[in-house]
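Report on the structure
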Amino acid sequence: MNTLVRTSWLLDTRLSNINLIRFYSDGYRLALKPSSRKVEENKTESEKFQEHIEKCLLNKARSPLRGMERVHPKTVPAVSPNDKFLGKTNLPTYGSVQSYAKAAERERKNQQQNGVPWHTMSQFYKEMKGDVTFANIGDELPSSKFNVEEYKKILFENKEKLEESARKRTLKIDESSITDQWESTTQGMKSINQVLHHYDIFKHLFGNNHFYPLTRMDVGYADGDDEVNPVFYGNELSPSDTNTAPLVTYESDPDQMWSLLLVNLDGNLENSNRQNLHWMVSNIKGNDVASGDVMADYLTPLPMRGTGYHRMVFLLFRQKHELYLDVRTKGETAGSPDLKARSFSTKTFYKRYHKFLTPTSIRFFQTIWDEKVQETFHHLGLAEPVYQYEVPDLQPHTLRRFPIPSQKRTLLWLQRFMPEEPIFPGGGRYD
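Worth saying up front: this structure is predicted, and the values here are computed from it rather than measured.

1. Details of the overall build of the chain
- For the chain, the count of helices and strands is eleven helices and 14 strands.
- Within the chain, contacts between residues at least 6 apart in sequence are counted, and of these 73% link residues at least 24 apart.
- Carbon together with sulfur atoms contributes 51% to the accessible area of the chain, which is approximately 29200 Å² in total.

2. Details of helix α3 (residues 97-114)
- The terminal C-alpha atoms of α3 lie 25 Å apart, and with 18 residues this matches the ideal 26 Å at 1.5 Å per residue to within 8%.
- Buried within α3 we find Val97, Gln98, Ala101, Ala103 and Gln111.

3. Comments concerning the pairing of strand β9 (residues 257-264)
- By the criterion of burial, β9 is predominantly enclosed, with eight of the eight residues buried.
- With burial as the criterion, each face of β9 is covered, one bearing Met257, Ser259, Leu261 and Val263 and the other bearing Trp258, Leu260, Leu262 and Asn264.

4. Structural notes on the nonpolar core
- With 29 residues, the main nonpolar core has Leu205, Phe206, Met280, Val313, Leu315 and Phe349 as its most contacted residues.
- Looking at this core, the elements that each hand over two or more residues are α7 (186-198), α8 (201-206), β9, β10 (275-285), β11 (293-296), β12 (310-319), α9 (346-353) and β14 (357-367).
- Take this core: its biggest share by element is four residues, from α8.
- Leave out the neighbours within four places in its chain, and Phe206 touches Ile137, Phe211, Leu315, Phe317, Thr346, Lys347 and Tyr350.
- Judged by nonpolar contacts, the second largest core, of 19 residues, contains Leu237, Val248, Val289 and Met312.

5. What to know about the packing of aromatic side chains
- Summed over the entire model, instances satisfying the criterion amount to 14 aromatic pairs.
- Aromatic side chains Phe314 and Phe365 sit 6.3 Å apart centroid to centroid with 35° between the ring planes, which places their arrangement in the tilted category. Of the two residues, Phe314 is situated in strand β12 and Phe365 in strand β14; the sequence distance between them amounts to 51 residues.
- Overall, the relative accessible area of 0% leaves Phe365 in the buried class.
- Site record: aromatic cluster; members linked through ring pairs are Phe202, Phe206, Phe211, Phe317, Phe344, Phe349, Tyr350 and Tyr353.

6. Brief notes about unusual backbone geometry
- Despite not being glycine, Arg169 shows a phi value in the positive range, around 60°.
- Along the chain, the position of Arg169 falls in the loop between α5 (148-167) and α6 (175-183).
- Positive phi values are uncommon outside glycine, yet Asp200 reaches one of about 60°.
- Inspection of the secondary structure puts Asp200 in the loop between α7 and α8.
- According to the relative accessible area criterion, Asp200 is partly exposed, its value standing at 31%.

7. Considerations on the side chain of Asn268
- As for its position among the elements, Asn268 is in the loop between β9 and β10.
- With a relative accessible area of 12%, Asn268 lands in the buried category.
- At 3.3 Å, the side chain of Asn268 forms a polar contact with the backbone nitrogen of Glu270.
- A distance of 3.1 Å separates a polar side-chain atom of Asn268 from the backbone nitrogen of Asn271.
- With residues up to four places along the chain from it excluded, the contact list for Asn268 reads Arg274, Gln275, Asn276 and Ser343.

8. Comments concerning the sheet that holds strand β8 (residues 247-250)
- An order of β6-β5-β8 is seen for the three strands of this open sheet, with the pairing classed as antiparallel. Two strands bound the open sheet, and with one partner strand each, they are β6 (227-231) and β8. Between one strand axis and the next, the sheet turns by 30° as a mean value, whatever way the strands run.
- When strand β5 (residues 217-223) meets β6, the two strands line up antiparallel, connected through five bridges. The residue bridging Val219 from the neighbouring strand is Val231, located in β6.

9. Observations regarding the pattern of salt bridges
- Inspection of the entire model under this criterion finds eleven salt bridges.
- A salt bridge links Asp180 to Arg216, with the nearest nitrogen and oxygen atoms 2.3 Å apart. Taken together, the positions of Asp180 in helix α6 and Arg216 in the loop between β4 (209-210) and β5 put the pair 36 residues apart, joining distant regions of the chain.
- Judged by relative accessible area, which is 28%, Asp180 ranks as partly exposed.
- Glu375 serves as the salt-bridge partner of Lys372, at 3.3 Å between the closest nitrogen and oxygen. Here Lys372 pairs with Glu375, and both are found in helix α10 (residues 371-379), just three residues apart, close to one helical turn.
- By relative accessible area, which is 16% here, Lys372 ends up buried.
- Several salt bridges converge on common partners, so that one network encompasses Asp180, Glu183, Arg216, Asp218 and Arg363.

10. Digging into a nonpolar patch on the surface
- Taken together, the side chains of Leu162, Leu171, Ile173 and Ile178 define a hydrophobic patch exposed on the protein surface, amounting to about 350 Å² of accessible area.
- Position of Ile178 among the secondary structure elements: in helix α6.

About the thresholds
- Residues numbered from 1 in each chain as written.
- Predicted model: local features only at pLDDT ≥ 70, side-chain atom pairs only at ≥ 80, totals over all residues.
- Heavy atoms only, no water.
- Helix = DSSP H or I, 4+ residues; strand = E, 2+ residues; numbered from the N terminus.
- Contact = heavy atoms within 4.5 Å.
- Areas by Shrake-Rupley, 256 points an atom, 1.4 Å probe, with all protein chains shown as cover.
- Expected span 1.5 Å × (residues − 1).
- Buried < 20%, exposed > 50% of the residue type's maximum accessible area, 1.4 Å probe, protein only.
- Core = buried A, V, L, I, M, F, W, Y, C linked by side-chain atoms within 4.5 Å.
- Phe/Tyr/Trp six-rings, centres within 6.5 Å; stacked < 30°, edge-to-face > 60°.
- Polar contact = N/O pair within 3.5 Å; in protein donor to acceptor, adjacent residues only side chain to side chain.
- Pairing = 2+ DSSP bridges.
- Axes fitted to C-alpha atoms, helices over the stretch in contact; angles between N-to-C directions.
- Salt bridge = Lys/Arg side-chain N within 4 Å of Asp/Glu carboxyl O.
- Patch = residues over 30% accessible without salt bridge, like charges linked within 9 Å, V, L, I, M, F, W, Y side chains within 5 Å.

In structure tokens:
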């Protein structure tokens with residue numbers, strides 16, 4: 001809906017000789033104004049080019065005005081041909097339709113001269129090596145077929161139980177239970193998978209592999225006696241809130257064995273291809289985390305000052321049988337001030353044990369520096385590292401008068417007159 005409105009605004013402002021007629025049911029329809037009565041020989045190059053743009057736009061199929069329809073359980077969402085390119089990087093961008101048409105014309109001539117067969121966007125993106133296919137390393141998604149009889153039964157039960165209380169304004173909806181039911185559906189698992197792709201969680205964990213969270217896992221940090229700080233999919237928790245090991249619960253058979261990991265995707269500042277291991281428990285029997293073997297003691301998140309937000313990811317693996325997972329950290333990290341021993345590669349770890357481990361659930365939160373990080377570094381006997389942004393020397397000058405709009409001065413030019421001060425991108429103040 002938003003993309004369609006922005007596109008229509010762009011066409012309406014850039015192409016003054018095209019009308020956009022809006023219909024509620026079938027989207028936007030393009031219609032030409034009466035053209036000038038000129039023979040082909042008397043038209044200028046700009047008029048020919050403008051006519052070429054009009055023909056290209058009129059020959060395009062009309063896109064439906066989505067987002068305003070009523071949603072029905074049987075409704076299959078329409079898929080646009082270019083939906084798979086939303087959020088992709090390294091795609092060409094154009095400021096207007098004219099610039100796009102000029103670039104397309106140059107590319108057409110280039111194809112004719114060099115014989116480059118780019119006929120579709122998919123082929124172009126594949127040639128640019130940006131079309132990455134993610135392989136599923138987890139369990140397959142359950143079938144999402146709609147059961148009409150079950151749906152009618154649910155509607156009938158809701159009408160008996162909820163309709164009267166809704167009319168009397170006494171209806172109370174449990175938001176957490178509704179969220180739990182949604183996460184257990186196929187559509188919910190797909191949506192969570194898209195969120196994890198948006199934050200590049202799978203890319204930095206497993207490379208070109210991903211999975212769907214079929215097992216529901218709840219993670220929460222105790223806050224006092226009664227309160228709990230839950231972990232969802234990208235919510236913010238401070239290091240002070242995550243000082244102790246969290247409570248992890250999930251559904252499991254008593255004989256099933258599991259492994260639990262907590263890694264910091266942005267904590268290893270020496271090697272960007274590796275992470276920091278903050279917690280690891282293997283050979284967990286059922287859903288009793290305390291019964292497992294602690295391979296790495298819990299370590300408080302350490303987002304250094306000036307490094308911004310860090311992504312802390314909980315991973316739950318299903319084991320085939322009891323394993324000894326040699327991560328070379330036990331004994332070295334328990335109370336050890338050497339944080340290099342916490343260097344860890346989830347991709348290498350899974351590649352080594354992929355025959356015995358299957359990822360089934362995931363949660364993550366984001367954290368940023370606070371005073372607890374400084375306290376933890378002092379407890380480990382280490383000096384706290386501080387990362388400060390170095391402002392380039394712009395040779396400041398004296399501002400004689402404020403620039404007038406016709407001079408078209410930029411903010412970079414105005415920055416030359418700003419006073420020098422330390423800047424910390426990750427927050428915090430250096431005393």
